[in-house]
Amino acid sequence: MKSKTTLFALLAGLFLLAAFTLPEINSSVPEEGEFEIPENINAIFEKSCFGCHNSESDYQKAKDKMMIDKLGDLKKSKLVAKLNKIGKEVSEGEMPPEKFVAKYPDRVPTDAERQALVDWAKNAIKTLTKK
Amino acid sequence: MAKKILLGLVAVLLLMQLVPANRPPVKQDNPADLLANNSVPEAVAQILRGACYDCHSNETRYPWYAYVAPVKWLVADHVEEGREHLNFSDWQAMDIGDQLEALDELAEEVEEGEMPLQGYPLVHPEARLSEEQRQLLIDWAGQFADQLLE
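Summarised in this report is the structure supplied together with it. As the structure is a prediction and not an experimental result, all values here were calculated from the model. (Residues numbered from 1 in each chain as written. Chains lettered and ligands numbered in written order. Predicted model: local features only at pLDDT ≥ 70, side-chain atom pairs only at ≥ 80, totals over all residues. Heavy atoms only, no water.)

Okay, the interface of chain B and chain A next. Across the contact, 15 residues belong to chain B and 15 residues belong to chain A. Among the residues of chain B in contact with chain A, B:Glu101, B:Asp104 and B:Leu149 are the three that bury the most area, contributing 43% of the side total. If you look at where chain B meets chain A, you find eight salt bridges. Between B:Glu108 and A:Lys65 there is a salt bridge, and its shortest N-O distance comes to 2.7 Å. Taken together, chain B and chain A are joined by 12 residue pairs in polar contact (both at pLDDT 80 or more). (Contact = heavy atoms within 4.5 Å. Buried area = accessible area lost by both parts, 1.4 Å probe. Salt bridge = Lys/Arg side-chain N within 4 Å of Asp/Glu carboxyl O. Polar contact = N/O pair within 3.5 Å; in protein donor to acceptor, adjacent residues only side chain to side chain.)

Structure representation (structure tokens):
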């Protein structure tokens, strides 16, 4: 008898737990309009930038400036600021840095890839700042 | 001997004065100016004018030594580079991305003590910012950036 009650309580507990945690799981699915980097763009970042600008990187100076995989955590005004900077640094050829270019020539973005990054950043800013 | 060296030095100093500095021109009427077009708290406006506007606007207040070589070249260079980087006199003509980037950069530079430029506060007492003034400027930059998106 006692074990039946315990079992029942346990089931009820599990049910409640599920009821409370499920919506949370749902809400972690990106909402419409939330910031997401498209796969083709992310592939370029991965090749040319993540070595320094990723939360896993151990280049603190670059991480302090920007972690590309954490851009979505920034408030909107800051996100736009960083996207603007990405567009500028990439189009002016400032990033990736010279030393990196010399050391890893195969990880330097091609002209087409640079253009893709710049266009993407520009469009993302447009979408984010639309009133 | 010492007299000759001194004389030579004076001659060089005098000759230096003949080389122009190309100071970026001053313009007082700037219809696209940041402070003229936005309601910026007075305390913040005062900091911007006192500590930033000499290099980051068209309203540079050139001191007397901006007319004396060799310092005049240094001053001219700083003002030119400062305006190139960010010119508050052109604020309204900047696109929103550049404005938000400038505000982010502003906060970062002030936080890290990179701005105002080293040496400038030595000769400009109003640019010696207290910790409170720095924080005020940083907080304003963040709030103003959010406001621009509203």
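Let's pick the thread back up.
The next thing to look at is the nonpolar core. By size, the foremost hydrophobic cluster in this structure holds 52 residues, and its most contacted members are A:Phe45, B:Leu34, B:Leu48, B:Phe88, B:Trp91, B:Leu137 and B:Trp140. Mapped by element, the contributors of at least two residues to this core are α2 (39-48), α5 (76-91) and α7 (111-129) of chain A together with α2 (34-37), α3 (42-56), α5 (96-111) and α7 (131-149) of chain B. Among the elements that take part in this core, α7(B) stands out by supplying eight residues, more than any other. Apart from residues lying up to four places away in sequence, B:Trp91 is in contact with B:Ala32, B:Asp33, B:Leu34, B:Asn38, B:Leu86, B:Gln99, B:Ala102, B:Leu103, B:Phe144 and B:Leu148. (Core = buried A, V, L, I, M, F, W, Y, C linked by side-chain atoms within 4.5 Å. Buried < 20%, exposed > 50% of the residue type's maximum accessible area, 1.4 Å probe, protein only. Helix = DSSP H or I, 4+ residues; strand = E, 2+ residues; numbered from the N terminus.)

Below, the discussion takes up the side chain of A:Lys63. Residue and element names in this part refer to chain A. Residue position: Lys63 is located in helix α4 (residues 60-65). The side chain of Lys63 sits in the buried core without any salt bridge; Asp64 is the nearest counter-charge, 7.3 Å away. When sequence neighbours within four positions are dropped, the list of residues in contact with Lys63 reads Cys52, Asn54, Ser55 and Ser57. (Lys, Arg positive; Asp, Glu negative; His and termini not counted.)

Another aspect to go through is the packing of aromatic side chains. By the definition in use, this model includes eight aromatic pairs over all chains. Both rings, one in A:Phe35 and one in A:Trp120, keep their centres 6.1 Å apart while their planes meet at 45°; by these two values the pair is tilted. Placement of A:Phe35 in the loop between α1 (2-27) and α2 and of A:Trp120 in helix α7 is noted, with a sequence separation of 85 residues between them. With respect to burial, A:Phe35 and A:Trp120 carry one shared label: buried. An angle of 80° between the planes, with centres 5.5 Å apart, marks the rings of B:Trp64 and B:Tyr65 as edge-to-face. Judged by its relative accessible area of 17%, B:Tyr65 is buried. (Phe/Tyr/Trp six-rings, centres within 6.5 Å; stacked < 30°, edge-to-face > 60°.)

Moving on, we get to the packing of α3(B) against helix α4 (residues 71-85) of chain B. Residue and element names in this part refer to chain B. For the pair α3 and α4, interaxial distance at closest approach is 7 Å and the crossing angle is 95°. Considering the angle they form, α3 stands roughly perpendicular to α4. Of α4, the residues touching α3 (which contributes Asp54, Cys55 and His56) are His78, Val79, Gly82 and Arg83. (Axes fitted to C-alpha atoms, helices over the stretch in contact; angles between N-to-C directions. Parallel < 35°, antiparallel > 145°, perpendicular 65-115°, else oblique.)

Bringing the pattern of salt bridges into the picture now. Summed over all chains, the structure comprises 12 salt bridges over all chains. A salt bridge links B:Glu59 to B:Arg49, with the shortest nitrogen-to-oxygen separation between them at 3.7 Å. Taken together, the positions of B:Glu59 in the loop between α3 and α4 and B:Arg49 in helix α3 put the pair 10 residues apart, joining distant regions of the chain. Residue B:Arg61 pairs with B:Asp54 through a salt bridge whose shortest N-O separation is 3.0 Å. You can call B:Arg61 partly exposed: its relative accessible area is 41%. Owing to a relative accessible area of 4%, B:Asp54 belongs among the buried residues under this scheme. Among the charged side chains, a salt-bridge network with shared partners connects A:Lys65, A:Lys78, A:Lys82, B:Asp104 and B:Glu108.

Turning to a nonpolar patch on the surface, a few remarks are in order. A grouping of B:Leu6, B:Val10 and B:Leu14 is seen on the molecular surface, where their side chains present a nonpolar patch of about 300 Å² in accessible area. Relative to the helices and strands, B:Leu6 resides in helix α1 (residues 2-16). (Patch = residues over 30% accessible without salt bridge, like charges linked within 9 Å, V, L, I, M, F, W, Y side chains within 5 Å. Areas by Shrake-Rupley, 256 points an atom, 1.4 Å probe, with all protein chains shown as cover.)

Keep in mind these values describe shape, not function.
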